[in-house]
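# Results of the structural survey
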Amino acid sequence: MMISIEEMAEQFKLLGDKTRLKMVSLLSQQQMCVCHLVELLQSTQPNISQHLRKLKDAGLVVEERRGQWIYYSLSIEDKPHLKDAIEYLPKVGEEEQGKINAMMCE
């Protein structure tokens, strides 16, 4: 199925926000809970949740409930125009990865 230029423009516009672009970069490497993103992006939970909702509404992110936590992951298999661009985003460094691994959602 071909995507319309309007849909494509909307998706790229969403990624034009630095916070959302960083979130997509992080989620392209692994699933994360809101608390991980709050910590890594040094932001507030309501702010991160609002960005996630926009990404989810656009079909770029999916959520999976595990007990009381919701984990988010990227959903771009059907969006090759985004997949290629996202591959060029900077990857999580060792220091950030260590933080993620040590983090427990509370």
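Per an unreviewed UniProt entry, the protein chain goes by the name Metalloregulator ArsR/SmtB family transcription factor and belongs to Paenibacillus profundus.

## As for the nonpolar core
Among the nonpolar cores identified, the biggest contains 26 residues, and Leu 37, Ile 48 and Leu 52 are the most heavily contacted of them. Of all the elements in the fold, those that place two or more residues in this core are α2 (18–27), α3 (34–41), α4 (45–57), β3 (69–74) and α5 (80–87). Among the elements that line this core, the one with the most residues is α3, at five residues. Here Ile 48 is in contact with Met 23, Val 34, Leu 37, Val 38, Leu 41 and Ser 43, once residues within four sequence places are set aside.

## Focus on the packing of aromatic side chains
Across all of its chains, the model carries zero aromatic pairs by this definition. The residue whose ring lies beneath Arg 66 is Tyr 71, and the NZ or CZ to ring-centre distance is 4.1 Å.

## A look at the side chain of Ser 75
Position of Ser 75 among the secondary structure elements: in the loop between β3 and α5. By relative accessible area, Ser 75 is classed as buried at 16%. Residues in contact with Ser 75, not counting those within four places in the same chain, are Gly 59, Leu 60, Val 61 and Val 62.

## A short note on the environment of Val 38
Mapped onto the secondary structure, Val 38 falls in helix α3. Among residues more than four places away in sequence, those in contact with Val 38 are Ser 43, Thr 44, Gln 45 and Ile 48.

## Re unusual backbone geometry
Excluding glycine, residues mostly have negative phi values, and the peptide bonds linking residues are mostly trans. Phi angles above zero are rare outside glycine, and Gln 42 is one such case at about 50°. With respect to the helices and strands, Gln 42 occurs in the loop between α3 and α4.

## Considering the packing of α2 against α3
Across the interface, α2 lies against α3 with an axial gap of 11 Å and an inter-helix angle of 120°. It follows from the interaxial angle that α2 and α3 lie oblique. In terms of crossing hand, the pair formed by α2 and α3 is right-handed. Across the interface between the two elements, Thr 19, Lys 22, Met 23 and Leu 26 from α2 touch Leu 37, Leu 40 and Leu 41 from α3. Each residue belonging to the contact of α2 with α3 can be placed in one class, and the counts come to five nonpolar, one polar and one charged.

## Let's talk about the pairing of β3
The buried fraction of β3 is high, at five of six residues. Direction of pairing for strand β1 (residues 32–33) relative to β3: antiparallel, over a ladder of two bridges. Of the residues in β3, the one forming a bridge with Met 32 is Tyr 72. Connecting the antiparallel pair strand β2 (residues 61–66) and β3 is a turn made up of two residues, with Gly 67 showing a positive phi of about 65°.

The rules behind each value
Residues numbered from 1 in each chain as written. Predicted model: local features only at pLDDT ≥ 70, side-chain atom pairs only at ≥ 80, totals over all residues. Heavy atoms only, no water. Core = buried A, V, L, I, M, F, W, Y, C linked by side-chain atoms within 4.5 Å. Buried < 20%, exposed > 50% of the residue type's maximum accessible area, 1.4 Å probe, protein only. Helix = DSSP H or I, 4+ residues; strand = E, 2+ residues; numbered from the N terminus. Contact = heavy atoms within 4.5 Å. Phe/Tyr/Trp six-rings, centres within 6.5 Å; stacked < 30°, edge-to-face > 60°. Lys NZ or Arg CZ within 6 Å of the ring centre and 35° of its normal. Axes fitted to C-alpha atoms, helices over the stretch in contact; angles between N-to-C directions. Parallel < 35°, antiparallel > 145°, perpendicular 65-115°, else oblique. Left-handed = near helix turned anticlockwise from the far one by under 90°. Nonpolar A, V, L, I, M, F, W, Y, C, P; charged D, E, K, R; others polar. Pairing = 2+ DSSP bridges.

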